[in-house]
Amino acid sequence: MKRKRRTGLIISIVLAIIVVVGIAGIVHQRFGKTSTTTVRLGLVGTDSEPVWDNVRKRLKKQGINIEYVIFNDYVQPDVALKDGKIDMHSCLTRYYFESYNKQQNAHLTAIGNTVISPLGLYSQKYKKLQDLPNGATIVIPNEPTTLGRGLNVLQSAGLIKVKKDSGIKPSLKDITSNPRNLQFKEVDPATAARALNSVDAAIINGNYAVAANLNPKKDSLYLEPINKAAKPYVNIIAVQEKNKDNEVYKKVVAAYQTEQTKQAIEKTYKGAQEAAWPIYGRN
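Residue positions within a chain follow its written sequence, with the count starting from 1. Selection of residues for local features in this predicted model requires a pLDDT of at least 70, selection of side-chain atom pairs for listing and counting requires 80 or more, and totals for whole chains, interfaces and linings are taken over all residues. Heavy atoms throughout the structure, all of them, feed into the side-chain values; hydrogens and water do not.

A. Spatial organisation of the environment of Asn152. For helices the rule is a DSSP run of H or I covering at least 4 residues; for strands it is a run of E covering at least 2, with both sets numbered from the N terminus onward. Following the sequence through the fold, Asn152 ends up in helix 5 (residues 144–156). Think of it in three bands: residues with accessible area under 20% of the maximum for their type are buried, residues over 50% are exposed, and the middle band is partly exposed, with areas taken using a 1.4 Å probe on protein chains only. For Asn152, a relative accessible area of 22% puts it in the partly exposed group. Along the primary structure Asn152 and Ser171 are separated by 19 residues, whereas in three dimensions their C-alpha atoms are 9.9 Å apart. Contact criterion: two residues are considered in contact whenever any of their non-hydrogen atoms come within 4.5 Å of each other. Those residues within four positions of Asn152 in sequence are excluded, and the remaining contacts are Val162, Gly167, Ile168 and Pro170.

Structure (structure tokens):
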């Protein structure tokens, strides 16, 4: 009799444990499992991936998965964002982005500053700016915005002067003073570094300089000042206007604008790009 009672008690305890474990499993499945949100992020090329890998690793712990969508030019990201093929992009300067947004009435908006990449003047023949001879040939990017930016860099270096009302996009026709009779050779921005061995100097974008094993801070004759005038060239994170208050996207920006990311930028770019939010604000 006692044995039957003991056996019945054991069976009751085992059944109770099974029920409790089952209920705990259901509760975990319903409430304990963290949902993951995927954000499709547009980038041009892969050179910014090391920095975003750093950010992506931290966001994963918050249940946010960053999926890279790689483009090979600077036109496609805005178009893809406008069409909803990506959720955000992080690859364009504020000036370029705002120009497209206005021209296309695209209803896109910037939600965070990322980096700024100063243009530099480089030479394989000369070590100092003052060594450039009269009649020196300077390679300059032929893309209108970058060409104008390059001319303003040469003006800030004291080599030329451009019309005061030409703004941030002067052309070669806007040069008003050229005391050294500098000659300009327009090339595609991506080929400027390769032209160095055949000219006296070249204006080169930061990312292309690093790709050519040039250290902007050490190897440039002159580096674009990072000041108020350079603000239009800050790179931004952009989304569709209707998503500007999206909490997930805000978390992406917050994860980017951290000291960890700043250190990753310094390690990756070695001066070719610098964290923009400590200088120009978070947006």
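B. Structural context of the pattern of salt bridges. Salt bridge, as applied in this entry: a Lys or Arg side-chain nitrogen positioned within 4 Å of an Asp or Glu carboxyl oxygen. Tallied over the full model, the rule gives nine salt bridges. The partner of Asp200 in a salt bridge is Lys125, with the nearest N and O atoms 3.8 Å apart. Placement of Asp200 in the loop between strand 9 (183–187) and strand 10 (201–204) and of Lys125 in the loop between strand 5 (120–122) and strand 6 (137–141) is noted, with a sequence separation of 75 residues between them. Between Lys217 and Glu274 there is a salt bridge, with its nearest N and O atoms 3.9 Å apart. With Lys217 in helix 7 (residues 216–219) and Glu274 in strand 13 (residues 274–275), this pair connects stretches of sequence that are 57 residues apart. In this structure Lys217 comes out as exposed when scored by relative accessible area, which is 56%. Overall, Glu274 belongs to the partly exposed group, its relative accessible area being 25%.

C. Local environment of the nonpolar core. Remark: nonpolar core denotes a set of buried residues (Ala, Val, Leu, Ile, Met, Phe, Trp, Tyr, Cys) joined through side-chain atoms within 4.5 Å. Trp52, Ile66, Met88, Tyr256 and Ile265 are the most contacted members of the largest nonpolar core, which has 25 residues in total. At the level of secondary structure, the elements contributing two or more residues to this core comprise strand 1 (37–44), helix 2 (49–60), strand 2 (64–71), strand 4 (108–116), strand 12 (234–240), helix 8 (247–256) and helix 9 (259–269). With five residues, the top contributor of residues to this core is helix 8. Every residue in contact with Tyr256, bar those within four places of it in the chain, is listed here: Val51, Trp52, Val55, Thr114, Val115, Ile237, Thr261, Ile265 and Trp277. The next biggest cluster of nonpolar side chains, apart from the first, holds 20 residues, and it includes Leu121, Ala157, Val162 and Leu221.

D. Structural view of the sheet that holds strand 11 (residues 220–223). A pair of strands is treated as paired once DSSP finds two or more bridges between them. Spatial ordering of the open sheet is given by 9-6-10-5-11, a layout of five strands whose pairing is mixed. Single-partner strands in this sheet number two, and they are strand 9 and strand 11. Averaged over all adjacent pairs, the angle separating strand axes in this sheet is 25°, with direction ignored. Against the sheet, helix 5 makes contact with strand 5, strand 6, strand 9, strand 10 and strand 11, and its axis sits at roughly 135° relative to strand 6, the strand it touches most. What counts as an axis is a line fitted to C-alpha atoms, over the stretch in contact for a helix, and the angles between N-to-C directions run from 0 to 180 degrees.

E. How the structure looks around the sheet that holds strand 4. Taking strand neighbours across the sheet as the criterion, the six strands line up as 2-1-3-12-4-13 in an open arrangement whose pairing is mixed. Bordering the open sheet on either side are strand 2 and strand 13, each of which pairs with just one other strand. Here strand 1 pairs with strand 2 via eight bridges, running parallel. The residue bridging Thr37 from the neighbouring strand is Ile64, located in strand 2. Against the sheet, helix 2 contacts strand 1, strand 2, strand 3 (88–93) and strand 12, and its axis sits at roughly 160° relative to strand 2.

F. Molecular detail of the confidence of the model for the chain. The pLDDT value tells you how sure the predictor is about a given residue, anywhere from 0 up to 100. Across the chain, the average pLDDT comes to 89, with 88% of residues at 70 or higher. Ignoring residues within four places in sequence, the model shows residues 26–33, a span with pLDDT below 50, making two contacts including any to other chains.

G. Focus on the layout of surface pockets. A 1.4 Å probe that fits into a set of points on a 1 Å grid over the protein atoms alone but cannot get out defines a cavity; an open set with protein on both sides within 12 Å along at least five of seven lines defines a pocket, and lining residues are those with an atom within 4 Å of a point. Grid points are joined across faces, edges and corners, and a volume is the space filled by probe spheres set on the points. Computed from the structure, the largest pocket encloses a volume of approximately 820 Å³. What lines the largest pocket is a set of 35 residues, among which Tyr74, Cys91, Thr93, Asn205 and Asn235 lie closest to the centre. The set of elements that each furnish at least two residues to the lining of the largest pocket consists of strand 1, helix 2, strand 3, strand 4, helix 5 and helix 6 (206–211). Residue contributions to the lining of the largest pocket peak at four residues, all from strand 3. Split by residue class, the lining of the largest pocket holds 17 nonpolar, 13 polar and five charged. For each domain, the first and last residues come from an automatic or database assignment. When residues of the lining of the largest pocket are assigned to domains, at least three fall in each of domain 1 (37–117 + 230–275) and domain 2 (120–225). Size it by volume and the second largest pocket reaches roughly 220 Å³. Basically, the charged four are Asp, Glu, Lys and Arg, the nonpolar ten are Ala, Val, Leu, Ile, Met, Phe, Trp, Tyr, Cys and Pro, and anything else, Gly included, counts as polar.

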